[in-house]
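Fold and contact review
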Amino acid sequence: MDQVMTIAKTHHAEKVVRIIVRIGPLSGIEPLLLESAFSISCAGTIAEEAEFLTETLPIRVLCNNCGVESEAAINNLLCQNCGGYNTKLLSGDELILARVELENAD
Amino acid sequence: MCNTCGCNITPGNRPLVMAEKPKNGVTTVSVLQNLLSKNNHQAEHNRAHFDAQKVLVINLMSSPGSGKTALLEATIKRLRDSLKIAVIEGDLETENDTKRIQAQGVPAYQIMTGTACHLDAHLVHNALHHLALDGLDLLFIENVGNLVCPASFDLGHHRNVVLLSVTEGDDKPAKYPVMFRAADLMLISKTDLLPYLDDFSAINAEQNLHNLANDAPVIEFSAKDGNGLDAWITWLQSEITAYKALLLKQQTQRPKIQQDGQLLHAQPGNSKFYPVSNKAKVHK
C-alpha cells in the first residue's frame, strides 16, 4: 500500500483505479488472501475503490545442461526435456507490483 | 527468454514495451517493483551489520517440533569451547526455547511474534539491539516453527537450513516446495526413531528435494544419540571458513536460492515511472 500511495502522490493522482500485482506460485503468496488483505489495508485511502487484479505467472525453468526452456510444476522444477536438476528459474517466484492505474485531476 | 511471462523485457526496451495509451484521464504507471522491497531493504541492512561483525548467520527453519532447539543444544555443547555462538529465537509465545539455549551458556534473545507466523527482517533488526554481535562467530536464528511463511522473508542471514523430522513423512519437500527450495542444507532429524517407522525413506526425501532443482546436501542426524552430528558440525565449520574467505574479498554470502524470477522481472531498488499521460509528465 505504501508503494501504491507513493506512486499516486508522485503522479498527483486523485484516485487509484486499478492495481495489478504479478504473483508466481513459488513466491508463497496466495492471490486470494492478498486480495482480501488489500481490501482491508486500502480502506479510507484514495485506493479504497480500486480494483485489485492479480496475474499469476507460469513456472518456467531454463536447463543449464541442455539449454531447453520448459514449463515446470511447483514441486517438480526439473528440466522437462532432459530431467536434469541443474535448472534456473526464469519465472514463478515473483511478487511484483506491476502496474497502477491512476485517475488524475481534470 | 520467453514471450509468455514478459521476461524478455529488459531495462532498455521496458519504456517502449510497457507504455500504454491513456484513456479518460487515467494514467497507467508501470512499476515492476518487488512488493517485499521494504523487507528486503532491511534484510540487506542486517546483512551488512552481520558482515561488519564477521558473524555467519544461519536461518533455521522447520515445522514445529522437528527438533530445531534440540539441534542447537547439541551443537552448542560441541562448539561452545571453540566458537562464540548466539541464538535469536522466534516463537509465538513463551521463552522456553531461549531458556534452554541460555542453559547451555550462550546468549539468546527471544522474539515473541504474538500471532505472526514468521520472522521478518525488521523483527530481527529489533532483536539485534538486544544482542551483542561483536566477537561472535556464529549466530543462529531459530525461525517460527512453520514450513510456509518463513521461506518468503529474507532476514539478512547467509544460509538457510531446513529440518525435516522422520515422523513428518518423506514427502514434505514436495508438499512445501517454497520452503525446501530455499534450503542450503536439509537436515533429517530424529533418526533414532527410524526403527519404529516403516514409511519414511531418506532416499525419497532427498529425491523430493532434488525435484525442486535443489542439489543441497542432506545430513541425517539424531540429537538424542548423537549420530550424524559430526557431519553437521563439519558442514558448519566449512561454511564459516567459506564465509570468512568471502569477507576477505569484500563479498558476502547469500542463501543459494535467490529469487531468480523476481530478479529478472522486478527492477532493483527504486521503481522508475513511465507516465503515459502528459499531465503526469508535467508533474514529474
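Preceding this paragraph is the structure being described.
A few points on the structure. (Residues numbered from 1 in each chain as written. Chains lettered and ligands numbered in written order. Predicted model: local features only at pLDDT ≥ 70, side-chain atom pairs only at ≥ 80, totals over all residues. Heavy atoms only, no water.)

**Quick notes on the packing of helix α2 (residues 37–52) of chain B against helix α5 (residues 121–128) of chain B**
Residue and element names in this part refer to chain B.
- In contact at an axis separation of 8 Å, α2 and α5 are set at 35° when each is read in the N-to-C sense. Crossing hand, α2 versus α5: left-handed. Residues Lys 38, Asn 39, Gln 42, Ala 43, His 45, Asn 46, His 49 and Phe 50 of α2 pack against Ala 121, His 122, Val 124, His 125 and Leu 128 of α5.
- Partitioned by chemical class, the residues of the contact of α2 with α5 number five nonpolar, seven polar and one charged. (Axes fitted to C-alpha atoms, helices over the stretch in contact; angles between N-to-C directions. Helix = DSSP H or I, 4+ residues; strand = E, 2+ residues; numbered from the N terminus. Left-handed = near helix turned anticlockwise from the far one by under 90°. Contact = heavy atoms within 4.5 Å. Nonpolar A, V, L, I, M, F, W, Y, C, P; charged D, E, K, R; others polar.)

**A few points about the environment of Val 144 of chain B**
Residues and elements named next belong to chain B.
- Secondary-structure assignment places Val 144 in the loop between β5 (138–142) and β6 (159–165).
- Of the residues examined, Val 144 reaches a relative accessible area of 4% and is grouped as buried.
- In sequence terms Val 144 and His 118 are 26 residues apart; their C-alpha atoms lie 5.3 Å from each other.
- Discounting chain neighbours no more than four positions away, the residues touching Val 144 are Ser 62, Gly 90, Asp 91, Leu 92, Thr 113, Cys 117, His 118, Leu 119 and Pro 150. (Buried < 20%, exposed > 50% of the residue type's maximum accessible area, 1.4 Å probe, protein only.)

**Some words on the packing of aromatic side chains**
- Tallied over the full model, the rule gives three aromatic pairs over all chains.
- Ring centres of Phe 38 of chain A and Phe 52 of chain A lie 4.3 Å apart, and the angle between their planes is 20°; on these two criteria the pair is classed as stacked. Remark: Phe 52 of chain A occurs in strand β2 (residues 51–56) and Phe 38 of chain A occurs in helix α2 (residues 31–41); sequence separation between them is 14 residues.
- Between Trp 232 of chain B and Trp 235 of chain B the ring centres are 5.9 Å apart and the planes differ by 10°, which places this aromatic pair in the stacked class. One end of the pair is Trp 232 of chain B and the other is Trp 235 of chain B, both in helix α9 (residues 229–248) and three residues apart, which spans about a single turn. Side by side, Trp 232 of chain B and Trp 235 of chain B carry an identical accessibility label, which is buried.
- Through successive ring pairs, a cluster of aromatic residues spans Phe 140, Trp 232 and Trp 235 of chain B. (Phe/Tyr/Trp six-rings, centres within 6.5 Å; stacked < 30°, edge-to-face > 60°.)

**Considerations on the packing of helix α3 (residues 68–79) of chain B against α9 of chain B**
Residue and element names in this part refer to chain B.
- In the contact formed by α3 and α9, the axes pass within 11 Å of each other and the chain directions differ by 70°. Comparing the axis directions of α3 and α9 gives the class roughly perpendicular. Within the contact between the two elements, α3 uses Leu 71, Ala 74, Thr 75, Arg 78 and Leu 79 and α9 uses Leu 229, Asp 230, Trp 232, Ile 233, Leu 236 and Gln 237.
- Tallied by class, residues from the contact of α3 with α9 come to seven nonpolar, two polar and two charged. (Parallel < 35°, antiparallel > 145°, perpendicular 65-115°, else oblique.)

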